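Next come the chains, spelled out residue by residue.
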Amino acid sequence: GWLHAAILVVALQIILGGWVSTNYAALACNDFPLCQGSLAPPAGLSEALRPDRELGYSASGELLSTEHLASIHYLHRLGALLVLLVLGRLIWQLRQARPRLALALVAALSLQIALGVANVLLSLPLTLAVAHNGGAALLIGILVYAISTNNQQAIPIETNSSIDMKYRSLKRFA
């Protein structure tokens, strides 16, 4: 359901964030909500995403251009939009059945978005960059908690008396 979709898109977004970081693309888009003054995706995404290249270089060995780096950053922004949509749907679904969990997700998601935007507008200060990583861990942690408590509710717990009854019934056949 939506809970598993949420953890999947957050995990993929963390991977995209790592791609941004390892390619030093975080500062390639220094405005928000625009990227290099435009809402359109920058050119060069296919070259920037090639797995057969060294980090920071194109497959032909040239340094990645600003457009390549901006396209990597732009993809992370699109991932953030997808996370917002999927988690927004999950939060809407949880709002009545598990309101405290829904509120925790709203708070963590809001914090993460604010940290991401602040990193762009303030040119990536180290404390905000580290906090943005912590925000991603917080989101994953809340989602893992949600899945684990959701599964606990669905798994019947055996009592000692039911185990004793099974043991006695097996003993008859021995």
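Residues numbered from 1 in each chain as written. Predicted model: local features only at pLDDT ≥ 70, side-chain atom pairs only at ≥ 80, totals over all residues. Heavy atoms only, no water.

Student: Talk me through the nonpolar core; I want residue IDs and the actual numbers.
Tutor: Judged by nonpolar contacts, the single largest core of 20 residues is most densely connected at Leu87, Leu90, Leu105, Leu139 and Leu143. For this core, the elements supplying multiple residues, two or more each, are α1 (2-22), α3 (66-97), α4 (99-121) and α5 (126-154). Counting residues per element, this core draws most heavily on α3, which supplies six residues. Beyond its immediate chain neighbours, meaning those up to four positions away, Leu143 contacts Leu3, Ala6, Ile7, Val10, Leu90 and Leu105. Counting twelve residues, the second-largest nonpolar core is a separate cluster that includes Cys29, Cys35, Ala48 and Leu69. (Core = buried A, V, L, I, M, F, W, Y, C linked by side-chain atoms within 4.5 Å. Buried < 20%, exposed > 50% of the residue type's maximum accessible area, 1.4 Å probe, protein only. Helix = DSSP H or I, 4+ residues; strand = E, 2+ residues; numbered from the N terminus. Contact = heavy atoms within 4.5 Å.)

Student: Let's hear about a nonpolar patch on the surface: which residues, and what values?
Tutor: Together, Leu78, Leu81, Leu84, Leu85 and Ile113 give the surface a local cluster of nonpolar side chains, amounting to about 430 Å² of exposed area. Here the nonpolar patch gets four residues from one element, more than from any other, and that element is α3. Among the structural elements, Leu84 can be located in helix α3. (Patch = residues over 30% accessible without salt bridge, like charges linked within 9 Å, V, L, I, M, F, W, Y side chains within 5 Å. Areas by Shrake-Rupley, 256 points an atom, 1.4 Å probe, with all protein chains shown as cover. Salt bridge = Lys/Arg side-chain N within 4 Å of Asp/Glu carboxyl O.)

Student: Account for the pattern of salt bridges, naming residues and giving values.
Tutor: Overall, the coordinates contain one salt bridge when judged by the stated rule. Taking the shortest distance from any N to any O, the salt bridge between Asp52 and Arg50 comes out at 2.6 Å. Here Arg50 falls in the partly exposed class, since its relative accessible area comes to 33%.

Student: Pulling in residues and values, what's your account of the environment of Gly79?
Tutor: In this structure, Gly79 sits in helix α3. Gly79 sits 63 residues away from Leu16 along the chain, and the two C-alpha atoms are 7.6 Å apart. Setting aside anything within four residues of it in sequence, one finds Gly79 in contact with Gln13 and Leu16.

Student: Run through the environment of Tyr74, naming residues and quoting values.
Tutor: Among the structural elements, Tyr74 can be located in helix α3. Separated by 49 residues in sequence, Tyr74 and Ala25 have C-alpha atoms that sit 9.4 Å apart. Beyond its immediate sequence surroundings of up to four residues, Tyr74 is in contact with Cys29, Cys35, Leu39, Ala40, Pro41 and Pro42.

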